[in-house]
Structures are given as C-alpha cells and as structure tokens.
Amino acid sequence: MFQIMDGKAVSLQIKDELANEVRGYVARGLRPPHLAAILVGDDGASQTYVANKEKSAHEVGFVSSVYRYSANTEEEELLRVIDFLNNDDEIDGFIVQLPLPKHINEQNIINAISPAKDVDGFTAISTGRFVIGDERAFLPATPMGIVNLLQRYKIETDGKHCVVVGRSNIVGKPAALLMARNSKEANCTVTICHSHTANLAEITRQADILIVAIGKPEFITADMVKEGAVLVDVGIHRIPDETKKSGFHLCGDVKHSEVDEHCSYVTPVPGGVGPLTIVSLLQNTLKAYKQRFNL
Ligand code: NDP
C-alpha cells in the first residue's frame, strides 16, 4: 500500500507555525511581514494562484497586496513598479506572477527584483547564492516545498538515487540541485532527464525518488516507475470536463490511476506539491522580514 504525502495537511501545519512566529513579532511591537504580488493580464490560472497566495498570506498574519496591470502594459512600466517595490520599506518581499505577456522579457523583469526581496528565488543573484550555499539565498518555492514535504514524511534521502524529469529554471534544475546538496535532508545521487533524454523509462525505473516536472498530463505511466519508489508529481493541468461545475478537472504529469499502487509514497494532484509551493513563499517572506529587522 502506498502512502499519500498530504501537501494540504503539511501546509496547514507549517502555516500554524508561521502564524505563531508572526504573532510573537507583532506582540513585540513590530509591524507584520508584507508580501506583494504583481499580476499582469487576465490569465485565469494566474489569477487563481495569486488569489491563493494572498489568502495564505492573510492566514499567517501577513499584510498582502496585489498590483494588477493589463496585458498590454509595457516592460518599462513594470520595471518602474519593481523599482518602487524594491525601495518601499513597508514591503518585505514580492513576486511577479509568471508567465508574463509575450512582449515582455521575463528575465529582464525578474532580474530587476532586489535580491533582498526576491522571495520566489528566481533572480540570477538568488540562483547564484543558492548554488554556492549562501545562507541569505531564497530557495525557489516549488523545489523548497518538495524538500519540506519529503522531510515532514521522514523520507530517507541519503545515498538514494533521485531522478528529476524536467530541467526548467523554476522547478527541475533547482530541485535537482537541492536533492544533491551536501545536507542531511538531501545527499542524493541525482540524474536530470529532459526532452532529449534517450530511454527515459529505463532511467526513471532506477529512481528511488522520482520527481516529475514535465508539464505533460499523465505522461509518466506504470512501466516507468520502480516498485516502492517515492513519487513527487509537480505537474498541474486543467483538463476540460463537462461533468464538473468548474468546466475542468485537475491532473498531474503522472497517471496516478496506474502508477500509485507501485509506489511507497505519492504526492496527489491537487493537494500535493501545490500547497507547499505557497507555504515556501510565505517562509521566504518571513526570512526576508527577519533579515530586514535582524531577528
Ligand atoms: P517547463 O515547460 O518549463 O519545463 C518542462 C521540462 O520538462 C523541460 O525541461 C522539458 O525538457 C521537459 N520535458 C518535456 N517533455 C519531455 C519529455 N517527453 N521527456 C522528458 N522531459 C520532457 O515546465 P515547468 O518546470 O515550469 O513546470 C512543469 C510542470 O509543473 C507544469 O505542469 C507546471 O504547471 C507545474 N508546476 C507546478 C507548480 C506547483 O506549485 N505545483 C509550480 C510550478 C510548475 P527540455 O528542457 O528539453 O525542453
């Protein structure tokens, strides 16, 4: 029997811990932490993600604000907003919700964020700090959430073979680096796979821990997974579904109906990695706040 790694439950636990800590600081007369988000355009999924981040921030006692811009906003205008947020002492950290409209250069925007407020951990400086193990680094939220989840479920990682499928800057690459760190929460031997990997199934079948971030619905099937593997499904997709009131259902990058029974631990979709991603953002914001006030 496999065990579900319940991201929702773990996220509630961590939120409780964060809320407690924030209450302590406020009781000492400090202002609460403040997380801001920039949202450009009217993409439905992005709006939902930002609304969830705002709700979670409020739940742990943070102040939260959202700066909304239309899809035809110019890059220069966004850079001015970022400059304003970088210099606003009332804001501890902020994110730019991705993806941005095509006419905007995402890297230009991301790298304009002050490293001290980069709570998504996406800037080149944050990435560099993370790679060399600088303690000031904000870890990218999704990989950090994965590590948190594995730790809370006491998954043995030391010496294990972790296969990461996907090499994006926000998930695959940093997840692989985190799992390979010289740390008691990591110390895995890591293999990174991508769209040019030959004999993918042969490699994924060697994984003690399989982290999947491909962006293709139900791509990983039972023949690609070793018996007893720990499976982390990062993918999330809205599949049109007339039987649902919302008009869609959610699924991951893994065909859970056939894969789960072969695993020891599995993250569900939804309710697995997603809630932990938001919690990591809150943890990073609290870290930025503590760095600001030398707490
Ligand atoms: P990207 O599209 O940026 O990256 C996908 C990666 O998968 C690429 O490295 C690509 O390889 C690789 N890939 C694509 N097809 C194959 C294939 N056939 N075989 C092997 N590798 C393949 O996606 P993201 O990393 O941004 O996101 C991945 C998934 O995770 C998405 O479903 C996304 O929605 C979800 N997500 C969920 C989050 C959460 O909080 N739950 C947060 C962030 C993302 P190559 O580099 O060669 O193109």
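Residues numbered from 1 in each chain as written. Predicted model: local features only at pLDDT ≥ 70, side-chain atom pairs only at ≥ 80, totals over all residues. Heavy atoms only, no water.

**Quick notes on the site of the ligand**
Contacts to the ligand come from 23 residues, most closely from Arg 167, Ser 168, Ser 195, Lys 216 and Thr 277. Here Thr 277 contributes a side-chain N or O atom positioned 2.9 Å from an oxygen atom of the ligand. Surface burial for the ligand is 71%, taken as the share of its 930 Å² of free accessible area covered by protein chains. For the shell around the ligand, the residue count by class is 9 nonpolar, 11 polar and 3 charged. (Near = heavy atom within 4 Å. Polar contact = N/O pair within 3.5 Å; in protein donor to acceptor, adjacent residues only side chain to side chain. Areas by Shrake-Rupley, 256 points an atom, 1.4 Å probe, with all protein chains shown as cover. Nonpolar A, V, L, I, M, F, W, Y, C, P; charged D, E, K, R; others polar.)

**Some remarks on the domain arrangement of the protein**
You'll often see interface size given as the accessible area lost when the parts meet. Entries for the protein in the domain assignment read domain 1 (29–114) and domain 2 (141–273). Each of domain 1 and domain 2 was reduced to a C-alpha centroid, and the two centroids are 28 Å apart. (Domains from an automatic or database assignment.)

**Structural notes on the state of the cysteines**
Cysteine pairs can be linked by a disulfide, which is a covalent bond between their two sulfur atoms. Evaluation of the coordinates by the stated rule reveals 0 disulfides. Take Cys 188: it sits in no disulfide, and the sulfur closest to it among the cysteines is that of Cys 162, at 5.0 Å. Residue classification places Cys 188 among the buried positions, given a relative accessible area of 8%. No disulfide involves Cys 251; its sulfur sits 16 Å from the nearest other cysteine sulfur, which is in Cys 263. (Disulfide = S-S within 2.5 Å. Buried < 20%, exposed > 50% of the residue type's maximum accessible area, 1.4 Å probe, protein only.)

**Looking at unusual backbone geometry**
Each neighbour pair has its own omega, and for Leu 98 with Pro 99 the value is 0 degrees, a cis peptide bond. Among the structural elements, Pro 99 can be located in the loop between strand 4 (93–96) and helix 4 (106–111). A positive phi angle is found at Asn 199, which is not glycine, with a value near 55 degrees. Assignment of secondary structure puts Asn 199 in the loop between strand 6 (189–193) and helix 8 (200–204). For Asn 199, a relative accessible area of 51% gives the class exposed. A positive phi angle is found at Glu 218, which is not glycine, with a value near 50 degrees. (Helix = DSSP H or I, 4+ residues; strand = E, 2+ residues; numbered from the N terminus.)

**Examining the packing of helix 1 (residues 7–27) against helix 10 (residues 273–292)**
It is at 9 Å that the axes of helix 1 and helix 10 come closest, and there the two elements cross at 20 degrees. Between helix 1 and helix 10, the interaxial angle falls into the category roughly parallel. The hand of the helix 1/helix 10 crossing is left-handed. Taken together, the residues of helix 10 that come into contact with helix 1 (itself represented by Gly 7, Lys 8, Val 10, Ser 11, Ile 14, Lys 15, Leu 18, Glu 21, Val 22 and Tyr 25) are Pro 275, Leu 276, Val 279, Leu 282, Gln 283, Leu 286, Tyr 289 and Lys 290. (Axes fitted to C-alpha atoms, helices over the stretch in contact; angles between N-to-C directions. Parallel < 35°, antiparallel > 145°, perpendicular 65-115°, else oblique. Left-handed = near helix turned anticlockwise from the far one by under 90°. Contact = heavy atoms within 4.5 Å.)

**Looking at the pairing of strand 11 (residues 263–266)**
Bridge analysis of strand 1 (residues 3–4) against strand 11 gives 2 bridges, and the strand direction is parallel. Paired with Gln 3 across the two strands is Tyr 265, which belongs to strand 11. One ladder, built from 3 bridges, connects strand 8 (residues 229–233) with strand 11; its direction is parallel. Looking across to strand 11, one finds that Leu 231 is bridged to Val 266. (Pairing = 2+ DSSP bridges.)

**Quick word on the pattern of salt bridges**
Counted by the stated rule, this structure contains 12 salt bridges. When the shortest N-O distance is used, the salt bridge between Lys 290 and Glu 21 registers 2.7 Å. With a gap of 269 residues between them, Lys 290 in helix 10 and Glu 21 in helix 1 connect regions that are remote in the sequence. Classification of Glu 21 by relative accessible area gives partly exposed; the value is 26%. The salt bridge partner of Asp 92 is Arg 292, with a shortest N-O separation of 3.2 Å. One end of the pair, Asp 92, is in the loop between helix 3 (75–87) and strand 4; the other, Arg 292, is in helix 10, and 200 residues separate them in sequence. Bridged by salt links that share partners, the residues Arg 31, Asp 89, Glu 90, Asp 92 and Arg 292 form one connected network. (Salt bridge = Lys/Arg side-chain N within 4 Å of Asp/Glu carboxyl O.)

**Things to note about the pairing of strand 8**
The buried fraction of strand 8 amounts to 5 of the 5 residues, a majority that puts the element mostly inside the structure. Burial along strand 8 is two-sided: Ala 229, Leu 231 and Asp 233 and Val 230 and Val 232, pointing in opposite directions, are all buried. Two strands pair when backbone bridges link them, and strand 7 (residues 209–212) and strand 8 are joined in this way by 4 bridges, in the parallel orientation. Residue pairing across strands places Ile 211 opposite Val 232, the latter belonging to strand 8.

**Looking at the environment of Ile 155**
Here Ile 155 is to be found in the loop between helix 6 (141–152) and strand 5 (161–165). Counting along the chain gives 54 residues from Ile 155 to Ile 209, while the straight-line C-alpha distance between them is 9.3 Å. Contact partners of Ile 155, with chain neighbours within four places excluded, come to Met 5, Leu 150, Ile 209, Val 230 and Tyr 265.

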